[in-house]
Amino acid sequence: MSVLIICPGKDAKKWVEALKDLEPRINLSVYPEVQEPENINYAISWKHPRGIFKKYPNLRVIASMGAGVDHITSDPEIPENISITRIIDEQLCKDMSSFVLSLVMNKVRNISLHHSARSWEPLMYNQVEEEQIGIMGLGTLGEAVAIKLLANDFKVSGWSKSKKHIEGVQSYNGERGLSEFLKRTTLLVCLLPLTSETENILNKELFEQLPKGAYIINVARGEHLVEHDLLEMIDKKQLSGASLDVFRNEPLPQEHPFWKHPRINITPHIASVTDPKKVIGQIFENYKRMLENLPLKNLIELRKGY
Ligand code: NAP
């Protein structure tokens, strides 16, 4: 029985230390140094090389190092019998909600716009109560963001697959609820998981359903956004701008037009970052559960993709 830590391009040391602090005797390998692939039965993973898991014939569980699992589910060679878990963590929720609040306030009070316009002329702004924030994806993070924004006097609605009951939040769901949701949203926050249904969802057709001058915040995945549609819609003033934390290619290449755009605000995928020390407890608990054949926590459905 052995645990594999696999996160090429990312520092595995913090994960090794966190796990060893919990269980010094644990049998651990760090990819690509794997002596006995047949001993691996539990993988802690972030952006693994495609197809690699087939090399571990006794692998039973893949634990995502983060809240998202698209880096796992997008690999068509993941064996069907493998369980996939994700992180649900209070700190991630706090970090995401305060980050989105700061982007929203930046937009509402035109904070970086004064600088990029190099203008001393104060710009008009709406009161927070006049903004209608629409959150696409009202799951663990979306709900935390909704509650934070409500507490800061914003009007908040959300769109998800199933209907939600969150006090003070107008819930829309499914294909039919989307147009109604978009029609009233002045500030759109994307917190959807990346699946075949949500890829490219932030596109021209969707932007055109928002009120003129609406603003986009994408803190989910770069693949949700059709980049040239965003540029076109800002040029046509259908959108007033965007704050983007995630991109199709990360790091965002220096020559990318987003960097120079005065109405696009860029951050380097920092909205909420997993702290190995904070989440290793839930990952280790699932490891023990797997050994005892108990149901795992924070399981995702491979079929649904999240
Ligand atoms: P989650 O708990 O799984 O919530 C996902 C939400 O999206 C749910 O409300 C779900 O609806 C909804 N949804 C999924 N597919 C949909 C569809 N086709 N149509 C409408 N609604 C749909 O996920 P989470 O923990 O909140 O995380 C969301 C995403 O945030 C992650 O997948 C990750 O990509 C991203 N993220 C980014 C950062 C960052 O630093 N930028 C950090 C962490 C996570 P139901 O509730 O009805 O199923």
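To start, this report covers the structure provided alongside it.

Criteria and thresholds
Residues numbered from 1 in each chain as written. Predicted model: local features only at pLDDT ≥ 70, side-chain atom pairs only at ≥ 80, totals over all residues. Heavy atoms only, no water. Core = buried A, V, L, I, M, F, W, Y, C linked by side-chain atoms within 4.5 Å. Buried < 20%, exposed > 50% of the residue type's maximum accessible area, 1.4 Å probe, protein only. Helix = DSSP H or I, 4+ residues; strand = E, 2+ residues; numbered from the N terminus. Domains from an automatic or database assignment. Contact = heavy atoms within 4.5 Å. Disulfide = S-S within 2.5 Å. Pairing = 2+ DSSP bridges. Axes fitted to C-alpha atoms, helices over the stretch in contact; angles between N-to-C directions. Phe/Tyr/Trp six-rings, centres within 6.5 Å; stacked < 30°, edge-to-face > 60°. Lys NZ or Arg CZ within 6 Å of the ring centre and 35° of its normal. Arc of directions from axis to C-beta. Parallel < 35°, antiparallel > 145°, perpendicular 65-115°, else oblique. Left-handed = near helix turned anticlockwise from the far one by under 90°. Nonpolar A, V, L, I, M, F, W, Y, C, P; charged D, E, K, R; others polar. Near = heavy atom within 4 Å. Polar contact = N/O pair within 3.5 Å; in protein donor to acceptor, adjacent residues only side chain to side chain. Areas by Shrake-Rupley, 256 points an atom, 1.4 Å probe, with all protein chains shown as cover.

**Considering the nonpolar core**
A general feature of soluble globular proteins is that nonpolar side chains tend to end up buried together.
Alright, step 1. By size, the foremost hydrophobic cluster in this structure holds 53 residues, and its most contacted members are Ile5, Ile135 and Val219.
Alright, step 2. In terms of residue count, the dominant contributor to this core is helix α3 (residues 90–108) (9 residues).
Alright, step 3. Looking at this core, you find at least three residues from each of domain 1 (2–89 + 274–291) and domain 2 (90–266).
Alright, step 4. Other than its neighbours up to four places away in sequence, isoleucine 5 contacts Ala12, Trp15, Val16, Leu19, Leu28, Ser29, Val30, Tyr31, Ile44 and Met65.

**Here's the deal with the state of the cysteines**
Alright, step 1. Evaluated as defined, the whole model comprises 0 disulfides.
Alright, step 2. This cysteine, cysteine 93, is not joined by any disulfide, and cysteine 190 carries the nearest cysteine sulfur, 16 Å off.

**Structural notes on the sheet that holds strand β9 (residues 187–190)**
Alright, step 1. Read from one edge to the other, the open sheet built from 7 strands follows the order β8-β7-β6-β9-β10-β11-β12, with strand pairing classed as parallel. One side of each edge strand has no neighbouring strand; the edge strands of this open sheet are β8 (169–173) and β12 (264–266). For this sheet the average axis-to-axis angle between neighbouring strands, irrespective of direction, equals 15°.
Alright, step 2. One ladder, built from 5 bridges, connects strand β7 (residues 155–160) with β8; its direction is parallel. Its bridge partner being in β8, valine 156 is matched across the sheet by valine 169.
Alright, step 3. Packed onto the sheet, helix α8 (residues 227–235) meets β10 (214–218), β11 (239–244) and β12 and runs at close to 145° relative to β11.

**Topic: the packing of aromatic side chains**
Alright, step 1. As enumerated under the stated definition, the model contains 4 aromatic pairs in all.
Alright, step 2. Consider the rings of tyrosine 42 and tyrosine 287, whose centres lie 5.3 Å apart with planes at 70°: the pair is edge-to-face. With tyrosine 42 in strand β3 (residues 40–45) and tyrosine 287 in helix α9 (residues 276–291), this pair connects stretches of sequence that are 245 residues apart. Taken as a pair, tyrosine 42 and tyrosine 287 share a single burial class, namely buried.
Alright, step 3. With a centroid separation of 6.5 Å and 55° between ring planes, the pair formed by phenylalanine 247 and phenylalanine 258 is classed as tilted. Residue phenylalanine 247 is located in the loop between β11 and β12, and its partner phenylalanine 258 is located in the loop between β11 and β12; the two are separated by 11 residues in the primary sequence. The burial state of phenylalanine 247 is the same as that of phenylalanine 258; both residues are buried.
Alright, step 4. Three or more aromatic residues joined by ring pairs make a cluster, and in this case those are Tyr42, Phe284 and Tyr287.
Alright, step 5. One cation-aromatic arrangement involves arginine 109 over tyrosine 125; the distance from NZ or CZ to the ring centre is 3.8 Å.
Alright, step 6. One residue, lysine 304, lies across the ring of tyrosine 306, its end atom 4.6 Å from the ring centre.

**Some remarks on helix α1 (residues 13–22)**
Alright, step 1. Regarding α1, the residues found buried are Trp15, Val16, Ala18 and Leu19. Along the long axis of α1, the arc covered by the buried residues comes to 165°, so they all point the same way. Facing away from the buried side of α1 by more than 90 degrees, the exposed set consists of Lys13, Lys14 and Asp21.
Alright, step 2. Considering only its buried residues, α1 is in contact with β1 (2–6), β2 (28–30), β3 and α9.

**Some thoughts on the packing of α1 against α9**
Alright, step 1. Relative orientation of the contacting elements α1 and α9 amounts to 55°, with a least axis distance of 9 Å. As the angle between them shows, α1 and α9 are arranged oblique. Crossing handedness for the pair α1 and α9: right-handed. Contacts from Lys14, Trp15, Ala18, Leu19 and Leu22 of α1 reach α9 at Pro276, Lys277, Val279, Ile280, Gly281, Ile283 and Phe284.
Alright, step 2. Residues belonging to the contact of α1 with α9 are distributed by class as follows: 9 nonpolar, 1 polar and 2 charged.

**Digging into the environment of glycine 168**
Alright, step 1. Within the secondary structure, glycine 168 is located in the loop between β7 and β8.
Alright, step 2. Residue classification places glycine 168 among the exposed positions, given a relative accessible area of 58%.
Alright, step 3. In sequence terms glycine 168 and isoleucine 133 are 35 residues apart; their C-alpha atoms lie 12 Å from each other.
Alright, step 4. In this view, glycine 168 contacts Leu150 and Val156; residues no more than four positions away in its chain are not counted.

**A closer look at the site of the ligand**
Alright, step 1. The environment of the ligand is formed by 29 residues, the closest being Arg86, Leu141, Ser162, Lys164 and Tyr306.
Alright, step 2. Contact between the ligand and arginine 86: an oxygen atom at 2.7 Å from a side-chain N or O atom of the residue.
Alright, step 3. In the complex, the protein chains occlude 92% of the 950 Å² of accessible area that the ligand would expose alone.
Alright, step 4. The element best represented in the shell around the ligand is helix α5 (residues 140–151), accounting for 3 residues.
Alright, step 5. Looking at side-chain class alone, the shell around the ligand contains 13 nonpolar, 10 polar and 6 charged residues.
Alright, step 6. A domain split of the shell around the ligand shows at least three residues from each of domain 1 (2–89 + 274–291) and domain 2 (90–266).

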